[in-house]
Amino acid sequence: MSIFFVLGPSEWRDAKKAGRLGFTPLEKRRDMVRILHASGHDAFLMRDVADLPGEGLAEKFLRILREAAPTHCILYWPEGATIDTAEDELVILRTLVAQGVSVPEIWILAQDITVQEVRGEIHVHDTSGRSAYLRDLMRRTPCLLGNWCHHDDLDEQLQGNAEAL
Amino acid sequence: MHPTFLDRHHVKPVLNAIRQHDGIRFADLKRATGLLDPQVDRAIKVLKESGLVWARSIPTKGARVYAEYVLSPRGKKLAKALDAMARTIATSGLDADMEKSLRDWLLSPREVPA
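Worth saying up front: this structure is predicted, and the values here are computed from it rather than measured.

1. Some details on the interface of chain B and chain A
Thinking step 1. With 27 residues of chain B at the interface, the matching set in chain A holds 24 residues.
Thinking step 2. Summed over both partners, the interface of chain B with chain A comes to about 2,300 Å²; 53% of that surface belongs to carbon and sulfur atoms.
Thinking step 3. On the chain B side of the interface with chain A, the three residues burying the most area are Trp54, Val65 and Arg74 of chain B, jointly 32% of the side's total.
Thinking step 4. One salt bridge connects arginine 64 of chain B with glutamate 121 of chain A, and the closest N-O pair in it is separated by 3.6 Å.
Thinking step 5. Here chain B is connected to chain A by 16 residue pairs in polar contact (both at pLDDT 80 or more).
Thinking step 6. Where the side of chain B that touches chain A is concerned, the elements lending two or more residues are α3 (37–49), β1 (53–58), β2 (65–71) and α4 (73–90) of chain B.
Thinking step 7. When the residues that make up the side of chain B that touches chain A are grouped by side-chain class, the tally is 14 nonpolar, 5 polar and 8 charged.
Thinking step 8. The pairing of strand β6 (residues 121–124) of chain A with β2 of chain B spans 2 bridges and is antiparallel. Each residue of the ladder has a partner; that of glutamate 121 of chain A, found in β2 of chain B, is tyrosine 66 of chain B.

2. Focus on the sheet that holds strand β2 (residues 42–44) of chain A
Thinking step 1. The strand order across the open sheet built from 9 strands is β2(A)-β1(A)-β3(A)-β4(A)-β7(A)-β1(B)-β2(B)-β6(A)-β5(A), with neighbouring strands paired in mixed fashion. Each edge of the sheet is formed by a strand with only one pairing partner; in this case those strands are β2 and β5 (115–118) of chain A. Taking each pair of neighbouring strands and ignoring which way they run, the sheet shows an average axis angle of 30°.
Thinking step 2. Sheet topology note: the strand β4 (residues 105–111) of chain A/strand β7 (residues 143–148) of chain A ladder contains 6 bridges and is parallel. Counted as the bridge partner of alanine 110 of chain A is asparagine 147 of chain A from β7 of chain A.
Thinking step 3. α4 of chain B rests against β4 of chain A together with β1 and β2 of chain B of the sheet, and its axis sits at about 35° to β2 of chain B.

3. A closer look at unusual backbone geometry
Residues and elements named next belong to chain A.
Thinking step 1. Phi at alanine 69 is positive, roughly 45°, even though this residue is not glycine.
Thinking step 2. Tracing the chain through its elements places alanine 69 in the loop between α3 (57–67) and β3 (72–77).
Thinking step 3. We note that arginine 119 has phi near 50°; this positive angle belongs to a residue other than glycine.
Thinking step 4. By the secondary structure assignment, arginine 119 is in the loop between β5 and β6.

4. Describing the pairing of β4 of chain A
Residues and elements named next belong to chain A.
Thinking step 1. Most of β4 sits out of view: 6 of its 7 residues are buried.
Thinking step 2. Relative to β4, β3 runs parallel, the two being bridged by 6 bridges. Within β4, the position partnered with tryptophan 77 by the bridge is alanine 110.
Thinking step 3. Following the backbone out of β3, through helix α4 (residues 84–98) and into the adjacent parallel β4, one traces a crossover that is right-handed.

Scoring rules and cut-offs
Residues numbered from 1 in each chain as written. Chains lettered and ligands numbered in written order. Predicted model: local features only at pLDDT ≥ 70, side-chain atom pairs only at ≥ 80, totals over all residues. Heavy atoms only, no water. Contact = heavy atoms within 4.5 Å. Buried area = accessible area lost by both parts, 1.4 Å probe. Salt bridge = Lys/Arg side-chain N within 4 Å of Asp/Glu carboxyl O. Polar contact = N/O pair within 3.5 Å; in protein donor to acceptor, adjacent residues only side chain to side chain. Helix = DSSP H or I, 4+ residues; strand = E, 2+ residues; numbered from the N terminus. Nonpolar A, V, L, I, M, F, W, Y, C, P; charged D, E, K, R; others polar. Pairing = 2+ DSSP bridges. Axes fitted to C-alpha atoms, helices over the stretch in contact; angles between N-to-C directions. Buried < 20%, exposed > 50% of the residue type's maximum accessible area, 1.4 Å probe, protein only. Right-handed = clockwise from strand over helix to strand, strands pointing away.

Read these as spatial facts, not as claims about activity.
The structure is reproduced here in structure tokens:
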């Protein structure tokens, strides 16, 4: 059994997108947790773990890595999401890597119009502020990139790969 | 008979080269397979769409982000199963023709019975 820490944004930049798609990025990440559970793995979001009094975001992130010992960090990367939580999580991950701290295996599950690999080079097309941190993380540590086009493809990729572990 | 998934777009040699390495770069894939840029590119696209192959970033000090190709967990599981079947075929005492036919069939998923 693997333990997945599911990272990523929580809201769309365009609030109407939630109406069109029927879910927010946060709700999608909860769906991903359900898929991982159904595949026999443990999985959680950062906000599912209770805060300790006086604990900052970085301290909480480090505590989760230490206590929950996730084997994988999944970064959900759809087009059109806000940078809020994703930015914080990327900064912390990038800082840990820069400090030489061992981090879980990172899976970047990105919508193909935001991040794409072409002939051996990864291009980040996403123009939001979070893209600089993502590029920096990939330049510092090996990250696995799995692309998807529609959210149904994401579910299928996630389930197929989780079940294969 | 229609070509199978692995016979199209040079997918078979590219997949085999990726299976033999724990991470292989685009230029090395070209060398390993003897294929041209667009042929490797097309095969990689097909393999990524099928979910068997993922790209893995390579740490670098430069501004660009480079990648190598690896089997995804799903691809690794499939490769393990194919390797086990290939070993069984190889140790079954079959004549060379039959062994080759079965090996070819192994890499043609549409022919595998449910």
